[in-house]
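Single-letter residue listing:
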Amino acid sequence: MLLDTFEDPRFIHDAMRVTTDFCKTWGDAIVKTGIGLSFSEPTASISLISPDNYRTFVAPYHKELVDYFKAKKVGVTTHICGTTYPIFEDVIGCGFSTFSFDLDQQGTPSSTWTNSSGSWRSRGVERWRSGTSTRRSSRRRRRTRCTRT
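Novice: Looking at this structure, how should I read the pairing of strand β1 (residues 37-40)?
Specialist: Side chains of β1 alternate between two faces, with Leu-37 and Phe-39 buried and Ser-38 and Ser-40 left unburied. Judged from the four bridges that link them, β1 and strand β2 (residues 76-80) form a sheet pairing that is parallel. Among the inter-strand pairings, Leu-37 is bridged to a residue of β2, identified as Val-76.

Written as structure tokens, this is what we have:
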């Protein structure tokens, strides 16, 4: 599939359309049970694809899913394994209510953190959650509350 991002990008978009439509149908069924929605996206990691590929082939579909469920007043969480700091702003821009990512792969995420709101908590995984905390307090809280497992 990575080669198809160059050789046949339409195929990637077609595959993403099918999976996005399925996620809407699946999510609608899950919402009826009262269980929250969380999408795990291990292959969206920058450990596997480039930031440009995330922006082109994943983010538009993430945003579509989030917007679809927000219209139904349902928050959506995502977890992306591996390195994600190059796409923090992109993922946050999709509007997820919570963004969970691997802590150990991040290097120095605070050097790329530019969003003015959010909060952090950790047990080996960082989570960004919509809120009103400042960048400084988020970093301070992260330093004091993170525990490695």
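Next comes the rest of the account.
Novice: Sorry if this is basic, but what is going on with the pattern of salt bridges here?
Specialist: If charged atoms from side chains of opposite charge come close, those side chains can pair. As enumerated under the stated definition, the model contains eight salt bridges in all. Note that Glu-64 is salt-bridged to Lys-24, the shortest N-O span being 2.6 Å. One end of the pair, Glu-64, is in helix α3 (residues 51-70); the other, Lys-24, is in helix α2 (residues 9-33), with 40 residues separating them in the sequence. What makes Glu-64 partly exposed here is its relative accessible area of 22%. Assessed through its relative accessible area of 16%, Lys-24 is described here as buried. Between Arg-55 and Asp-90 there is a salt bridge, with its nearest N and O atoms 2.9 Å apart. Linking Arg-55 in helix α3 with Asp-90 in helix α4 (residues 88-93), this pair joins segments that are 35 residues apart in sequence. Given a relative accessible area of 36%, Arg-55 falls into the partly exposed group. Three or more residues joined by partner-sharing salt bridges are found here, namely Arg-17, Asp-21, Lys-24 and Glu-64.

Novice: What's the story with the confidence of the model for the chain in this structure? I'm lost.
Specialist: Detailed reading of the predicted coordinates is not advisable wherever pLDDT falls low. Across the chain, the average pLDDT comes to 77, with 68% of residues at 70 or higher. Averaged over each element, pLDDT in the chain is lowest for helix α5 (residues 135-145) (41) and highest for α3 (97). Below pLDDT 50 for its whole length, residues 108-126 participates in 69 contacts with residues either more than four positions away or in separate chains. Predicted confidence is poor over residues 131-149, with pLDDT under 50, and the contacts of this stretch with residues over four places away or in other chains come to 38 contacts.

Criteria and cut-off values
- Residues numbered from 1 in each chain as written.
- Predicted model: local features only at pLDDT ≥ 70, side-chain atom pairs only at ≥ 80, totals over all residues.
- Heavy atoms only, no water.
- Buried < 20%, exposed > 50% of the residue type's maximum accessible area, 1.4 Å probe, protein only.
- Helix = DSSP H or I, 4+ residues; strand = E, 2+ residues; numbered from the N terminus.
- Pairing = 2+ DSSP bridges.
- Salt bridge = Lys/Arg side-chain N within 4 Å of Asp/Glu carboxyl O.
- pLDDT = per-residue confidence, 0-100.
- Contact = heavy atoms within 4.5 Å.

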